[in-house]
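Okay, here's what each chain looks like letter by letter:
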Amino acid sequence: MRRSRVVAAGCAVAALCVVGAPPAVANDDASGTKPTIVLVHGAFADGSSWNGVIERLERRGYTVMAPANPLRGLYSDSTYIASVLKTIKGPIVLAGHSYGGAVISTAAAGNSQVKSLVYISALMPDVGESGMSLATRFPSALASATKSVPYRAGDGASGTDLYLKPDKVHPVFAACLPASEANLLGVTQRPAATTAFSETAKVAAWKTIPSWALVGRQDMTINPDQERFQAERAHSHTVEINSCHVSLIAHPEAVADLILQAATAA
């Protein structure tokens, strides 16, 4: 049976619309061991963006990790996250927000411990696709919301970082947060190298690992139609909520609930 869920038109007024019956659930995974939940943040953010979600998952008795995503390029970032996963014993649920979705799609490939993938307003590139190529097909306001800044590293490496423009953080990235909170996100943002979005995926773990996806209907950073398209072709269990791009901050309960579905699915 296809695992995707199609959103019914009548649920648009609901704050959280879970379409179709939820997956069968059990207390833990088949071995009786709760999986470790690993949360990977996206561009312009850091691990603290998961704080509200972490609190809720830990209250349910799960071990949670939110490693720093280097944001230097898809290949190097996914290699780093894959190395973090290798330090974990037992089953893993791997969740990614925004660009973090592209990272987990590569990092999970070939790792039999990863039982579920969860995409929160995220990129889900197929082999040969990149964040840039998907954005070309599904344009969003992000295209005009960033500025390029050259950088140099201590090892002599150089490249270009992308930052959100200060006046674009609230309307494009975090419109569902108070302006003061969005401003703090802009001040503390971590830039992503352009290679994070230009490097094409060599693998797509969602083709072999069950996936869950959350679509933010008011997302201005990633086009919601892109999120729906990706989830549909991955046959993901999908929910839609009324949220901007940073649903993990604005709606941590909904995000945690979806991750819990993935963690407890039989």
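What comes next is a walk through the structure.

Rules used in this analysis
- Residues numbered from 1 in each chain as written.
- Predicted model: local features only at pLDDT ≥ 70, side-chain atom pairs only at ≥ 80, totals over all residues.
- Heavy atoms only, no water.
- Helix = DSSP H or I, 4+ residues; strand = E, 2+ residues; numbered from the N terminus.
- Contact = heavy atoms within 4.5 Å.
- Axes fitted to C-alpha atoms, helices over the stretch in contact; angles between N-to-C directions.
- Left-handed = near helix turned anticlockwise from the far one by under 90°.
- Nonpolar A, V, L, I, M, F, W, Y, C, P; charged D, E, K, R; others polar.
- Phe/Tyr/Trp six-rings, centres within 6.5 Å; stacked < 30°, edge-to-face > 60°.
- Lys NZ or Arg CZ within 6 Å of the ring centre and 35° of its normal.
- Pairing = 2+ DSSP bridges.

For Thr106, the location among the structural elements is in helix H3 (residues 99-107). Non-local contacts of Thr106, meaning those with residues more than four positions away in its chain, are made with Leu74, Ser78 and Val203.

So, on to the packing of helix H2 (residues 74-85) against H3. H3 packs onto H2 with a crossing angle of 60 degrees between their chain directions and a minimal axis gap of 8 Å. Once H2 is placed against H3, the crossing between them reads as right-handed. The residues of H3 that touch H2, namely those facing Leu74, Asp77, Ser78, Ile81, Ala82 and Leu85, are Tyr99, Ala102, Val103, Thr106 and Ala107. Of the residues that constitute the contact of H2 with H3, the class distribution is eight nonpolar, two polar and one charged.

Throughout the structure, instances matching the rule amount to three aromatic pairs. Pairing Phe138 with Phe229 gives two aromatic rings, centres 5.4 Å apart and planes at 35 degrees, and the pair type is tilted. Taken together, the residues Phe138 in the loop between helix H4 (131-137) and strand S6 (146-152) and Phe229 in helix H8 (residues 224-233) connect sequence positions 91 residues apart. The ring centre of Tyr62 lies 4.3 Å from the NZ or CZ of Lys34, which sits over that ring. Above the face of the Tyr75 ring, Lys202 is positioned so that its terminal group lies 4.4 Å from the ring centre.

It is worth spelling out the sheet that holds S6 at this point. One open sheet holds the three strands; their spatial order is S6-S7-S8, and the pairing between them is antiparallel. In this open sheet, the two strands that pair with only one neighbour each are S6 and strand S8 (192-193). Bridge count for S6 against strand S7 (residues 158-164) is seven bridges, and the pairing is antiparallel. Bridging from a neighbouring strand, Thr146 pairs with Leu164 of S7.

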